[in-house]
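If you want the building blocks of each chain, they are given just below.
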Amino acid sequence: MADDGIILGIDLGTTFSAMAYVDRHGKPCVLANAEGHATTASVIHFYDREACVVGDEAVKMVVVDASNVVRFVKRYMGEPDFTLEFFGKAYTPQELSAIILRKLKDDAAEALGGEVLDVVITVPAYFNAAQRAATADAGALAGLNVLSIINEPTAAAISYGVERLGADRNIMVFDLGGGTFDVTVMDIRGTSLRTVASDGNAELGGKDWDDRLLNYVADCFQKQFGLDPRDDPQPYQELYERCLHAKISLSTKPRAVIPVNYRGHRAVVPVTREEFESLTADLLLQCEDTCNLVLEKARMSWGDIDDFILAGGSTRMPMIQGMIRRLSGKEPARGVNPDECVALGASLAGVFRHPA
């Protein structure tokens, strides 16, 4: 049986979700899902009226069976009239999010040897009351006891170690996930952590970088053979996965090679990191503009920020870290796992707010 005192911290993400708990030694630990991964794709594939899968298996069907796949449901939280229908059954955003949460709940029970019901769930700082209420409702529908809903940048800051930062510091949490982007400036005064300003773009995320790379590679193939691999679902899905792996590779290597096979033709498209950064320069500029807007709202300059915390897997791209260095003259905080820090912070927040 799982320890009754365990509180699960859940980062219910737009593209990926994660969960964590604080162990008996007071250490926050990420819980792997049933597939052994630290994150779970926030993707659902319905294959009949009563059955669906969540995570990696659903991702494989994104292009092949797109009409029965749900992605980015977080963008629609709090919209009262929004529904999606699959096999004749309509679902609200809360019901769809509950399916993802149930997957996390079941995987946590398997990992911990017993059911855990108490949770803290994170949301973007810009979520309004309706969006927060919808998130809490999703948790209830999943059979969870939602102790609190906290802001993602707050959770990231807690994970970083607010108590170690010292008094009177300003921090920026730069959160670029797969489907959304937001920037938050917070200040620490003694033991108080306060959001000063926040802004973002619910339509900007790592997927936009993926799409740029995919379209570049597909265009190169089309120019060579007069055929477009984006026209057929299966080749499109294969190309998407290869481009995603290439993007990840370009974060650590100066060059990636992307093979394309379509209708008996084969091409190998090389892409350098510089070429990739050129293809996506306008996306990076959008990030920079949002940072400047948030600083303006906070009535601060780049020099006023003491610590930069990067959250969201897309912040692993060197261009993001380079932008922070160029504009601030400082290094982003080390020792923060961008995929896990929000869930870890949520688990700690649960313990702080609900001590045994």
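Before any of the text, the structure's been laid out above.
Predicted model, so just to flag it, every value in this text is computed and none were measured.

Trainee: How do you make sense of the environment of D48 when you look at a structure like this?
Mentor: Assignment of secondary structure puts D48 in strand β5 (residues 44–48). In this structure D48 comes out as partly exposed when scored by relative accessible area, which is 34%. In this structure the side chain of D48 is engaged in a polar contact, spanning 2.9 Å, whose partner is the backbone nitrogen of E50. A polar atom in the side chain of D48 sits 2.7 Å from the backbone nitrogen of A51.

Trainee: Looking at this structure, I do not really get the pattern of salt bridges. What am I missing?
Mentor: Once the charged atoms of two side chains with opposite charge are near each other, the side chains can pair. Within the structure shown, the criterion is met by 21 salt bridges. Notably, a salt bridge pairs E57 with K60, separated by 3.1 Å at the nearest N-O pair. Note on K60: relative accessible area 44%, which makes it partly exposed. The salt bridge involving D210 is made with K247; its shortest N-O contact spans 2.8 Å. A residue pair is termed long-range when its members are at least 10 positions apart, and D210 in helix α6 (residues 206–225) and K247 in helix α7 (residues 233–249) qualify at 37 residues. In this structure, a network of salt bridges that share partners links the residues E35, K103 and D107.

Trainee: Looking at this structure, I do not really get the nonpolar core. What am I missing?
Mentor: Nonpolar side chains in soluble globular proteins generally cluster together in the buried interior. Counting 45 residues, the largest nonpolar core has M172, F174 and W209 as its most contacted members. Grouped together as the second largest cluster of nonpolar side chains are 33 residues, M19, L104, V123 and F127 included.

Trainee: Would you mind going over helix α4 (residues 152–160) with me for this structure?
Mentor: Each α-helix turn comprises 3.6 residues. Residues three or four places apart therefore point the same way. Burial analysis of α4 places 8 of its 9 residues in the buried class, which makes it a mostly covered element. Within α4 the residues assigned to the buried category are E152, P153, T154, A155, A156, A157, I158 and Y160. Of the residues flanking the end of α4, it is G161, one or two places downstream, whose phi is positive at about 115°.

Trainee: Can you walk me through the sheet that holds strand β7 (residues 69–70) in this structure?
Mentor: The strand order across the open sheet built from 3 strands is β6-β5-β7, with neighbouring strands paired in antiparallel fashion. The open sheet has two edge strands with one neighbour each: β6 (51–54) and β7. One ladder, built from 2 bridges, connects β5 with β7; its direction is antiparallel. Residue I44 lies in a different strand from β7, and its bridge partner there is V70. Relative to the sheet, helix α2 (residues 93–112) contacts β5, β6 and β7, its axis offset from that of β5 by approximately 100°.

Trainee: How should the side chain of S198 be read in this particular structure?
Mentor: Here S198 shows up in strand β14 (residues 192–201). Of the polar contacts made by the side chain of S198, one reaches the side chain of T184; its length is 2.9 Å. If near-sequence neighbours (up to four positions away) are discounted, S198 is found in contact with A125, V183, T184, V294 and K297.

Cut-offs applied
- Residues numbered from 1 in each chain as written.
- Predicted model: local features only at pLDDT ≥ 70, side-chain atom pairs only at ≥ 80, totals over all residues.
- Heavy atoms only, no water.
- Helix = DSSP H or I, 4+ residues; strand = E, 2+ residues; numbered from the N terminus.
- Buried < 20%, exposed > 50% of the residue type's maximum accessible area, 1.4 Å probe, protein only.
- Polar contact = N/O pair within 3.5 Å; in protein donor to acceptor, adjacent residues only side chain to side chain.
- Salt bridge = Lys/Arg side-chain N within 4 Å of Asp/Glu carboxyl O.
- Core = buried A, V, L, I, M, F, W, Y, C linked by side-chain atoms within 4.5 Å.
- Pairing = 2+ DSSP bridges.
- Contact = heavy atoms within 4.5 Å.
- Axes fitted to C-alpha atoms, helices over the stretch in contact; angles between N-to-C directions.

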